[in-house]
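Residue strings, one per chain:
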Number of protein chains: 2
Amino acid sequence: MAEPLPRSILQLISELARLPTIGTKTAQRLAFFLVRSPESQAISLGRAVASLHEGIITCEQCRNFADENPCAICSDSSREADALCVVEEPLDLVAIESSGGFNGHYHVLHGAISPLDGIGPDDLTINLLIDRVKRENVLEVIVATNATLEGDATAMEIRQRLADQNIRVSRLARGLATGGDLEYVDAATITLALEGRREL
Amino acid sequence: MAEPLPRSILQLISELARLPTIGTKTAQRLAFFLVRSPESQAISLGRAVASLHEGIITCEQCRNFADENPCAICSDSSREADALCVVEEPLDLVAIESSGGFNGHYHVLHGAISPLDGIGPDDLTINLLIDRVKRENVLEVIVATNATLEGDATAMEIRQRLADQNIRVSRLARGLATGGDLEYVDAATITLALEGRREL
């Protein structure tokens, strides 16, 4: 049977459908949106995708993806170099940066310990983190891994590995999310919020 | 504040977020999926997007997007040229083709009449359809527009415009979808299924 669509559309649909959370139907809809958009939009998006890897380097200090080495955050002398915030992924760093609540340096692990997925401590940048803490004048390591089993395991590993260093190792507080309705909060979060309660 | 991500990633996130159904969060996740994939995948997807418009032509007979003119379906002599199935979009044609239930020719309207969106009959390929019916030896026009208000309005317009031609103008049956549970079917569909009931 002859294919009822041009090769270029079929090709794009099959490429798009390889992306996570994009099924065939969504891929079809996206492809036809681009067909009906000005050619300039498709070219501009296509170039952004094709040239994505060009020019991305890894900052040798914090291991975040960056335009230059060291990255803009690591080379910013107005930031406090003695506080190190450890995150799983670059997008976690972006979230903390946009909160405006932290003005120190970062360390990106590029994942979390997950035995089920075969990811151990050596698959992350934990060794580089430990070296860095020993080498630099770090006073506090804030472990900002996710509030998941994997994030917990990673935080534990980092705490153990830094136990012999004379520094503070902390972790983000667990408790109610701002705007959260107590009625809908899960039991584990309520337990942790009670444990972490603070004087008014 | 310095941007905490490379320009190429930020650029891709903003391009992806312009696509329908893709919000900033999804755009971020897709961008990082591509960052962590082999560069070859990003290049291959990027080229498919950028070259999408190249080589897409419109078949002058059925108005479907195609690789050549006339398209593979219009030039397939094994198909019945006296039955014309009218669809709103190329993807509707794809759906009918994959059902295997039709072996005639098509006509793609590229939309449906929708006064609220400012789309009238002249914004579609209805005039070309009427010319085609008058010129070619068509015995039946099957209107396969969507089962929506816009699809209904478009079907009505086509029926009126073809009223003076000595041909059959039909529309896809309305009724229960295969596998549908009567309990969950809406009232309008049940009414139409009753009206269209057939002898057993």
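Given the structure is predicted, the values throughout are model-derived calculations rather than measurements.

**Points about the overall build of chain A**
Turning to step 1, where the next piece is worked out: Across its full length, chain A carries seven helices and six strands.
Turning to step 2, where the next piece is worked out: The N-to-C order of helical and strand elements in chain A reads α-α-α-β-β-β-α-β-α-β-α-β-α.
Turning to step 3, where the next piece is worked out: Relative to a compact globule of 200 residues, whose C-alpha radius of gyration would be 16 Å, chain A shows 22 Å and is clearly more extended.
Turning to step 4, where the next piece is worked out: In terms of principal-axis extent, the alpha carbons of chain A reach across some 70 × 45 × 35 Å.
Turning to step 5, where the next piece is worked out: Looking at the 200 residues of chain A, the share that counts as buried comes to 43%.
Turning to step 6, where the next piece is worked out: Partitioning the intrachain contacts of chain A with sequence separation of at least 6 by distance along the chain shows that 48% fall at a separation of at least 24.
Turning to step 7, where the next piece is worked out: For chain A, the separation between the mean place of its 18 positive charges and that of its 29 negative charges on side chains is 4 Å.

**A look at the relation of the copies chain B and chain A**
Turning to step 1, where the next piece is worked out: Of the two same-sequence chains, chain B is brought onto chain A (RMSD 0.0 Å, axial shift 0.0 Å) by a rotation of 180 degrees. Both chain copies can therefore be described as sitting about a two-fold axis. The rotation axis passes nearest to the C-alpha of B:Gly46 in chain B, at a distance of 2.0 Å.
Turning to step 2, where the next piece is worked out: A high fraction, 100%, of the interface residues of chain B reappear at the interface in chain A, so the copies pair face to face through one surface.

**Overview of the interface of chain B and chain A**
Turning to step 1, where the next piece is worked out: Residue-level contacts link 57 residues of chain B with 57 residues of chain A.
Turning to step 2, where the next piece is worked out: Here chain B packs against chain A, burying approximately 5,300 Å² in sum over the two surfaces, 70% of which is carbon and sulfur.
Turning to step 3, where the next piece is worked out: Ionic pairing is found between B:Glu89 and A:Arg36, a salt bridge with its closest N-O pair at 2.5 Å.
Turning to step 4, where the next piece is worked out: Those elements that place two or more of their residues in the side of chain B that touches chain A are α1 (7–16), α2 (24–36), α3 (39–50), β2 (65–66) and α4 (90–99) of chain B.

**Here's the deal with the sheet that holds strand β4 (residues 104–108) of chain A**
Residues and elements named next belong to chain A.
Turning to step 1, where the next piece is worked out: If you trace the four strands from one edge of the open sheet to the other, you get β4-β3-β5-β6, paired in parallel fashion. The open sheet is flanked by β4 and β6 (168–171), the only strands paired with a single partner. The sheet shows a mean angle of 25 degrees between the axes of neighbouring strands, taken without regard to direction.
Turning to step 2, where the next piece is worked out: Pairing of strand β3 (residues 80–87) with strand β5 (residues 140–143), which is carried by four bridges, proceeds in the parallel orientation. Its bridge partner lying in β5, Val 86 is registered against Val 143.
Turning to step 3, where the next piece is worked out: With respect to the sheet, helix α6 (residues 149–161) is in contact with β3, β5 and β6, its orientation differing from that of β6 by roughly 175 degrees.

**A closer look at the pairing of β6(A)**
Turning to step 1, where the next piece is worked out: As paired elements, β5(A) and β6(A) share four bridges and run parallel to each other. By the bridge assignment for β6(A), A:Val143 is matched with A:Arg171.

**Remarks on the packing of aromatic side chains**
Residue and element names in this part refer to chain B.
Turning to step 1, where the next piece is worked out: This model, assessed by the stated rule, comprises four aromatic pairs over all chains.
Turning to step 2, where the next piece is worked out: Summarising the aromatic geometry, the rings of Phe 102 and Tyr 106 are spaced 5.3 Å apart at their centres and angled 65 degrees between planes, so their arrangement reads as edge-to-face. Across the pair, Tyr 106 and Phe 102 agree in class, each one buried.

**Focus: the sheet that holds strand β3 (residues 80–87) of chain B**
All names here are of chain B.
Turning to step 1, where the next piece is worked out: The strand order across the open sheet built from four strands is β4-β3-β5-β6, with neighbouring strands paired in parallel fashion. Each of the sheet's edge strands pairs with one partner strand only, and the pair in question is β4 (104–108) and β6 (168–171). Pairwise comparison of adjacent strand axes, ignoring direction, gives a mean angle of 25 degrees for this sheet.
Turning to step 2, where the next piece is worked out: Of the strands in this sheet, β3 and β4 touch α4, which is tilted by about 160 degrees from β4.
Turning to step 3, where the next piece is worked out: Sheet contacts for helix α6 (residues 149–161): β3, β5 (140–143) and β6; angle to β6, the most-contacted strand, approximately 175 degrees.

**Overview of the nonpolar core**
Turning to step 1, where the next piece is worked out: One finds A:Ile9, A:Leu12, B:Ile9 and B:Leu12 to be the most contacted residues of the largest nonpolar core, which totals 42 residues.
Turning to step 2, where the next piece is worked out: Those elements that provide at least two residues to this core are α1 (7–16), α2 (24–36) and α3 (39–50) of chain A together with α1, α2 and α3 of chain B.
Turning to step 3, where the next piece is worked out: If we ignore the near neighbours within four places in the chain, the residues touching A:Ile9 are A:Ala31, A:Phe32, A:Val35, B:Leu52, B:Ile56 and B:Phe65.

**Remarks on the side chain of B:Arg79**
Residues and elements named next belong to chain B.
Turning to step 1, where the next piece is worked out: Mapped onto the elements of the fold, Arg 79 is located in the loop between β2 and β3.
Turning to step 2, where the next piece is worked out: Accessibility expressed as a relative area gives 10% for Arg 79, which makes it buried.
Turning to step 3, where the next piece is worked out: Looking at Arg 79, its side chain comes within polar contact range of the side chain of Glu 97, at 2.7 Å.
Turning to step 4, where the next piece is worked out: Once you skip the residues sitting within four places of it in the chain, Arg 79 turns out to touch Ile 73, Glu 97, Phe 102, Asn 103, Gly 104, His 105 and Tyr 106.

What counts as what
- Counting starts from 1 at the beginning of each chain's written sequence and moves along it residue by residue.
- Labels follow written order: the first chain is A, the first ligand is 1, and so on.
- At least 70 in pLDDT is required for a residue's local features to be given in this predicted model, at least 80 for side-chain atom pairs to be given and counted, and no such filter applies to totals for whole chains, interfaces and linings, which use all residues.
- Side-chain numbers come from the whole structure's heavy atoms, not from hydrogens or water.
- Under the scheme used here, helices are H or I runs from DSSP no shorter than 4 residues and strands are E runs no shorter than 2 residues, and both carry numbers assigned from the N terminus.
- Both definitions apply: the radius of gyration is a C-alpha atom measure, and the globule rule equals 2.2 Å times residues to the power 0.38.
- For every residue, the accessible area (1.4 Å probe, protein chains only) is compared with the maximum for its type, and the residue is labelled buried under 20%, exposed over 50%, or partly exposed between those bounds.
- Whether two residues are in contact is decided by their heavy atoms, any of which lying within 4.5 Å being enough.
- Counted as positive: Lys and Arg. Counted as negative: Asp and Glu, with His and the chain ends omitted from the count.
- To locate a charge, take NZ of a lysine, CZ of an arginine, CG of an aspartate or CD of a glutamate.
- Superposing the copies works by least squares over the C-alpha atoms of residues that have pLDDT at least 70 in both of them.
- Here's the idea: put two parts together, see how much 1.4 Å probe accessible area each one loses, and the total over both is what we call buried area.
- Salt-bridge detection follows one rule: a side-chain nitrogen of Lys or Arg within 4 Å of a carboxyl oxygen of Asp or Glu.
- Each pair of strands is called paired provided DSSP finds at least two bridges between the two strands.
- With axes taken as lines fitted to C-alpha atoms, and helix axes fitted only over the stretch in contact, angles between N-to-C directions fall between 0 and 180 degrees.
- Two rings belonging to Phe, Tyr or Trp (six-membered ring only in the last case) form a pair when the distance between their centres is within 6.5 Å. Interplanar angles under 30 degrees mark stacking, angles over 60 mark edge-to-face geometry, and anything in between is tilted.
- Within this scheme, the nonpolar core is defined by two criteria: the residues are buried Ala, Val, Leu, Ile, Met, Phe, Trp, Tyr or Cys, and they are joined through side-chain atoms within 4.5 Å.
- We define a polar contact as two N or O atoms separated by no more than 3.5 Å, with the added condition that, inside protein, one atom must be a possible hydrogen donor and the other a possible acceptor, whereas residues neighbouring each other in sequence contribute only through side-chain atom pairs.

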